[in-house]
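Understanding the architecture of this molecule
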Amino acid sequence: MIITKERSNPTTSGIKSEVGFTIDPRNLAHVVGLLRDAYSDPATAVLREYAVNGFDSHVEAGIASRPISVTLPTKLEPHLTIRDYGKGLTPEQIENLFCSYGASSKRDSNDYTGCLGIGCKSAFAVTDSFTVTTFHGGKARTYNCYLDESEVGKAALLSEKKSTETGLMVQIPIKRDDIEELHEKAAKVFRYFKTKPIVENLSKEHLPTMERPRYGYSGKDWRIVLGRSDDEDSDSCVVMGNIAYPIDTEQLSETSQRFLQQDVEIDFKLGELDIAPSREELKYNARTKKALNDRIESLAKEIAENAAIDIGKAPSLWEACKIYRSTFGRGNFGELLKKHHKPMFRKKAMKDSLIKLPES
């Protein structure tokens, strides 16, 4: 994904000399430690980052409709395995991309979710050692990635075998006490993937969570949520690049805040909004705020117009009332819609979703 950079114009008059900022190699371990600690939810980050990288690999290879494979850990086999079937990585790419902090090959295109150059090292947030197997050029090469005494990390080639496969496989040891939590979070992470991964060992109780919530009224790139599972908050979110980002309504206009009092999902194309370095939330700079406020304003008009048309075409008063209740009848959200359109059924204005029956 292309990273947008906002810069103010620096003062250049009167400069007598300049010194560039650098990173002292002696402090590199500290900087790397900050990157590893960037995630507030390391387990979710590991699932998200490697799964997104796998999906990106399939996009690059022209097989975006093929699912990646995920094997969740069990008590008997406490490893998380994420496998894609893309092109794999050469030894040079392992060294220059996978093992290089900040390096990324995806910053020139919005076809890919990745861009930050730290996601493929996110396993270090939960473990000191994990393995990576790359299938490329007729070889399967397995590396042990580990934190050495430098605290920066190294990748040691463990084996090299002949193979006709392609792709990349990451295996991460998971503490037994964290296995159940990882299953729960996996279902939520993979819910919004365009091509859902094939997930093995997912606990039955978490299977429903992997499905999207129930929707009421919806359009091409938005949905009004009717209900989520009991353990989930009912908050609006942005879906961008297989990932759902919660929306901090306090960062937006009053109109947007009223609109988002309903549980709404809004799709954005990759690159339309900026994200935080951890990829856990949006970056609320001027560009992102404007894009959100503008989209919400247009959505309010679109939903009001579409709902009014559908109410007018409803085959019965009952169906008209159902549409009204899911749109115009939703508190402040509905009042906002009414500013853009007045719904009518059979040439009579609708003011509520109640059906009055005669006493007989």
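The rules behind the values
Residues numbered from 1 in each chain as written. Predicted model: local features only at pLDDT ≥ 70, side-chain atom pairs only at ≥ 80, totals over all residues. Heavy atoms only, no water. Helix = DSSP H or I, 4+ residues; strand = E, 2+ residues; numbered from the N terminus. Buried < 20%, exposed > 50% of the residue type's maximum accessible area, 1.4 Å probe, protein only. Contact = heavy atoms within 4.5 Å. Areas by Shrake-Rupley, 256 points an atom, 1.4 Å probe, with all protein chains shown as cover. Disulfide = S-S within 2.5 Å. Core = buried A, V, L, I, M, F, W, Y, C linked by side-chain atoms within 4.5 Å. Pairing = 2+ DSSP bridges. Axes fitted to C-alpha atoms, helices over the stretch in contact; angles between N-to-C directions. Patch = residues over 30% accessible without salt bridge, like charges linked within 9 Å, V, L, I, M, F, W, Y side chains within 5 Å. Salt bridge = Lys/Arg side-chain N within 4 Å of Asp/Glu carboxyl O. Polar contact = N/O pair within 3.5 Å; in protein donor to acceptor, adjacent residues only side chain to side chain.

This part is about the overall build of the protein. What the protein contains, in helices and strands, is 9 helices and 14 strands. The burial tally for the protein puts 45% of its 360 residues in the buried class. Long-range pairs, those at least 24 residues apart, make up 64% of the contacts in the protein between residues at least 6 apart in sequence. When the accessible area of the protein is evaluated, it comes to approximately 19900 Å², of which 50% is carbon and sulfur surface.

For the coordinates displayed, the defined rule picks out 0 disulfides. The structure places no disulfide on Cys145, whose sulfur is separated from the nearest cysteine sulfur, that of Cys99, by 5.3 Å. Judged by its relative accessible area of 4%, Cys145 falls in the buried class.

This brings us to the nonpolar core. Judged by nonpolar contacts, the single largest core of 75 residues is most densely connected at Tyr50, Leu80, Phe98, Phe130, Ile172, Phe190 and Phe259. Ranked by residues supplied to this core, first place goes to helix α7 (residues 286-313) with 9 residues. Non-local contacts of Phe259, meaning those with residues more than four positions away in its chain, are made with Val264, Ile296, Leu299, Ala300, Ile303, Phe333 and Leu336.

Now for the environment of Asn53. Looking at where Asn53 falls in the secondary structure, it is placed in helix α2 (residues 42-61). Separated by 29 residues in sequence, Asn53 and Ile82 place their C-alpha atoms 9.8 Å apart.

If you walk across this open sheet you meet the 7 strands as β5-β4-β3-β6-β2-β1-β7, and the pairing is mixed. The sheet terminates laterally at β5 (154-162) and β7 (198-200), the two strands that pair on one side only. On average, each strand axis in the sheet is tilted by 15° relative to the strand beside it, whichever way the strands run. Where strand β4 (residues 139-146) lies against β5, 8 bridges are found, and the strand directions are antiparallel.

The next subject is unusual backbone geometry. The general pattern is negative phi for most residues beyond glycine and trans for most peptide bonds. Phi angles above zero are rare outside glycine, and Asn201 is one such case at about 75°. The phi angle at Arg346 is positive, at roughly 50°, despite the residue not being glycine. Following the sequence through the fold, Arg346 ends up in the loop between β13 (344-345) and β14 (348-349).

Turning next to a nonpolar patch on the surface. Among the surface-exposed residues, Leu317, Trp318, Ile355 and Leu357 lie close enough to one another that they form a single nonpolar patch of about 440 Å² accessible area. With respect to the helices and strands, the residue Ile355 is situated in the segment after β14. Looking at Ile355, the relative accessible area reads 34%, which means it is partly exposed.

Now for the pairing of strand β6 (residues 167-173). For β6, the tally of buried residues reaches 5 of 7 residues, placing the bulk of the element in the interior. Two strands pair when backbone bridges link them, and strand β2 (residues 79-84) and β6 are joined in this way by 6 bridges, in the antiparallel orientation. Looking at β6, one finds that Ile82 is bridged to Val170.

To continue, consider the side chain of Ser69. Within the secondary structure, Ser69 is located in strand β1 (residues 69-71). Within the structure, Ser69 has its side chain in polar contact with the side chain of Tyr85 (distance 2.8 Å). Residues in contact with Ser69, not counting those within four places in the same chain, are Thr81, Ile82, Arg83, Tyr85 and Ile198.

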